[in-house]
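The chain contents come next:
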Amino acid sequence: RESRDDDADWDELEKVKTIGTRWTIGKGLNKDIYVRASTRLDHKKEIYSGGDVKDSYNLLAITPEFIYDTRDNVSDPTKGLYADLTYEKGKLLGDRRKYDRFEADLRAFHPVIGKKNIMAYRAVWGSTGSGTPDSMRFSVGGAESVRGYDYGAFDGYDKFHATIENRTQINDIIGFVVFADAGRAWKQNGRDPSYTRDNKDFGHNIGTTAGVGIRLNTPIGPLRFDFGWPVGNKMDDDGMKFYFNMGQSF
């Protein structure tokens, strides 16, 4: 696969090319708890916006994962809890670099004022080691995290983002959403001084946004149209952003 950032500056990554394989085994312990483990071997090539190759390496990683899920519907929940805890240990073959990566994704849902009005909450935290390659560090911003900022507006070794969302089903086809997002990725002091794109300490300059959205139910799933804009602490924004995707935001 190939990922691309068309807005990358000349000294930032524009493309990351990956060829690899992943093997996963898992088991449900009961109706709510699921565990799995995976291992992967990737060859990655990181390319600057100017066309120069920044890094090329082979990566071996193992990832145990724990999932707790009581949601009544996976794609469009109205009640229940969800927790996904992941740890990844990775090493670059033939290289001294290695890292430990942690990520926690917590979600909750409950109805208010009838069954067609749902409150949804999400909080995500992640931290990874200073040996983590540039392309695998965390990015925050865009339709799945902080709507109102571009995809990958913030990046670094650590991240946190949270969302509160009210979902109202108008009829069988149309739904309306009001949301507020907050979050950021950052680099803590003392972690790899060569990495300078985001050198803010934990908790500083959190991006906060608000917005509205429309959901259209279709035979292949809900279509999502979201409009978000920065509020409060505005950073490097240029106004409202529009996002289109399939399914709920989480």
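Here the structure is shown first, and the text comes after it.
Note that the coordinates shown come from a computational prediction; the quantities given were computed from them, not determined experimentally. (Residues numbered from 1 in each chain as written. Predicted model: local features only at pLDDT ≥ 70, side-chain atom pairs only at ≥ 80, totals over all residues. Heavy atoms only, no water.)

(A) View of empty space enclosed by the protein. The tally for this structure, following the rule as stated, stands at one cavity of 30 Å³ or more. Arg 122, Ala 143, Glu 144, Ser 145, Arg 147, Thr 163, Ser 249 and Phe 250 together form the lining of the largest cavity. Class assignment of the residues belonging to the lining of the largest cavity gives a composition of two nonpolar, three polar and three charged. (1 Å grid on protein atoms, 1.4 Å probe; cavity = no way out; pocket = protein on both sides within 12 Å on 5 of 7 lines; lining within 4 Å. Points joined across faces, edges and corners; volume = space filled by probe spheres on them. Nonpolar A, V, L, I, M, F, W, Y, C, P; charged D, E, K, R; others polar.)

(B) View of the pattern of salt bridges. Counted under the stated rule, the structure contains 21 salt bridges. Among the ionic pairs, Asp 32 bridges to Lys 31, the shortest N-O distance being 3.3 Å. Given the relative accessible area of 77%, Lys 31 is considered exposed. A salt bridge links Lys 159 to Glu 103, with the nearest nitrogen and oxygen atoms 2.7 Å apart. Of this pair, Lys 159 sits in strand E10 (residues 158-169) while Glu 103 sits in strand E6 (residues 98-111), placing them 56 residues apart in sequence. (Salt bridge = Lys/Arg side-chain N within 4 Å of Asp/Glu carboxyl O. Buried < 20%, exposed > 50% of the residue type's maximum accessible area, 1.4 Å probe, protein only. Helix = DSSP H or I, 4+ residues; strand = E, 2+ residues; numbered from the N terminus.)

(C) Representation of the packing of aromatic side chains. Overall, the coordinates contain seven aromatic pairs when judged by the stated rule. Their ring planes at 35° and their centres at 5.0 Å tell us that Tyr 87 and Phe 102 sit as a pair that is tilted. Pair noted here: Tyr 87 is in strand E5 (residues 80-92) and Phe 102 is in strand E6, with a separation of 15 residues, a long-range link. The class for Tyr 87 is partly exposed, based on a relative accessible area of 26%. Looking at Phe 102, the relative accessible area reads 39%, which means it is partly exposed. Seen from their ring centres, Phe 225 and Phe 244 are 5.1 Å apart, and the 45° between their planes marks the pair as tilted. Here Phe 225, found in strand E13 (residues 223-230), pairs with Phe 244, found in strand E14 (residues 241-246); they are 19 residues apart in sequence, far enough to count as distant. The class for Phe 225 is partly exposed, based on a relative accessible area of 22%. Assessed through its relative accessible area of 45%, Phe 244 is described here as partly exposed. Here the aromatic cluster, defined as three or more aromatic residues joined through ring pairs, consists of Phe 225, Phe 227, Phe 242 and Phe 244. Positioned above the aromatic ring of Tyr 57, the side-chain terminus of Arg 97 is 5.7 Å from the ring centre. Directly above the ring of Phe 179 sits Arg 147, whose terminal nitrogen or CZ lies 3.6 Å from the centroid. (Phe/Tyr/Trp six-rings, centres within 6.5 Å; stacked < 30°, edge-to-face > 60°. Lys NZ or Arg CZ within 6 Å of the ring centre and 35° of its normal.)

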